[in-house]
Amino acid sequence: MKENKMKTRIILTMGLTLLLVALFCSCYTPNPLYGTWTDNDGNKIQFIDDGTFSATIKDSENELISYSGEWNVIDNVLMFTIKGDSTYTRNTEWDIRGAMLYLTWTANNNTRVLTLYHTAR
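Here is a short report on the structure shown in this document. Keep in mind it's a predicted model, so treat the numbers as computed, not measured.

It is worth spelling out a nonpolar patch on the surface at this point. A grouping of Met6, Ile10 and Met14 is seen on the molecular surface, where their side chains present a nonpolar patch of about 310 Å² in accessible area. Relative to the helices and strands, Met6 resides in helix α1 (residues 2-27).

Printed below as a string of structure tokens:
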């Protein structure tokens, strides 16, 4: 009789543990921005899941400028903290429709309206 109670306890404990693991795993949804986004002009932004980014964006003279720093999202506002000689923050609204990311890039007097395609996760 004692042996049956122990087996029942072990089975219930294992079942409860599996249920909790399943609940925690199902709650996680990755950010849709993760990955690399590019366009046909050479503009590219890579969002990394540790909250950092790297970007290569053409300026008004069509030269590619590299940027890096941290990113964060609150609702539909994407906040870039750009690090370099000086650190500054730029905010932009963003939207993803299908595999296309729409945003306005502003840094170092360089403003570009971008439509980027998701090319890698």
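After that view, the rundown keeps rolling.
Let's shift gears to the pairing of strand β1 (residues 35-38). Strand direction decides the pairing type here: β1 and strand β2 (residues 44-47), joined by 4 bridges, are antiparallel. When the bridges of β2 are listed, Thr38 appears paired with Lys44. In textbook terms, the turn of a hairpin is the stretch between consecutive antiparallel strands, and for β1 and β2 this stretch comprises 5 residues, one of which, Gly42, has a positive phi near 100°. Bridge analysis of β1 against strand β8 (residues 110-120) gives 3 bridges, and the strand direction is antiparallel. Residue Trp37 lies in a different strand from β8, and its bridge partner there is His118.

Rules and cut-offs
Residues numbered from 1 in each chain as written. Predicted model: local features only at pLDDT ≥ 70, side-chain atom pairs only at ≥ 80, totals over all residues. Heavy atoms only, no water. Patch = residues over 30% accessible without salt bridge, like charges linked within 9 Å, V, L, I, M, F, W, Y side chains within 5 Å. Areas by Shrake-Rupley, 256 points an atom, 1.4 Å probe, with all protein chains shown as cover. Salt bridge = Lys/Arg side-chain N within 4 Å of Asp/Glu carboxyl O. Helix = DSSP H or I, 4+ residues; strand = E, 2+ residues; numbered from the N terminus. Pairing = 2+ DSSP bridges.

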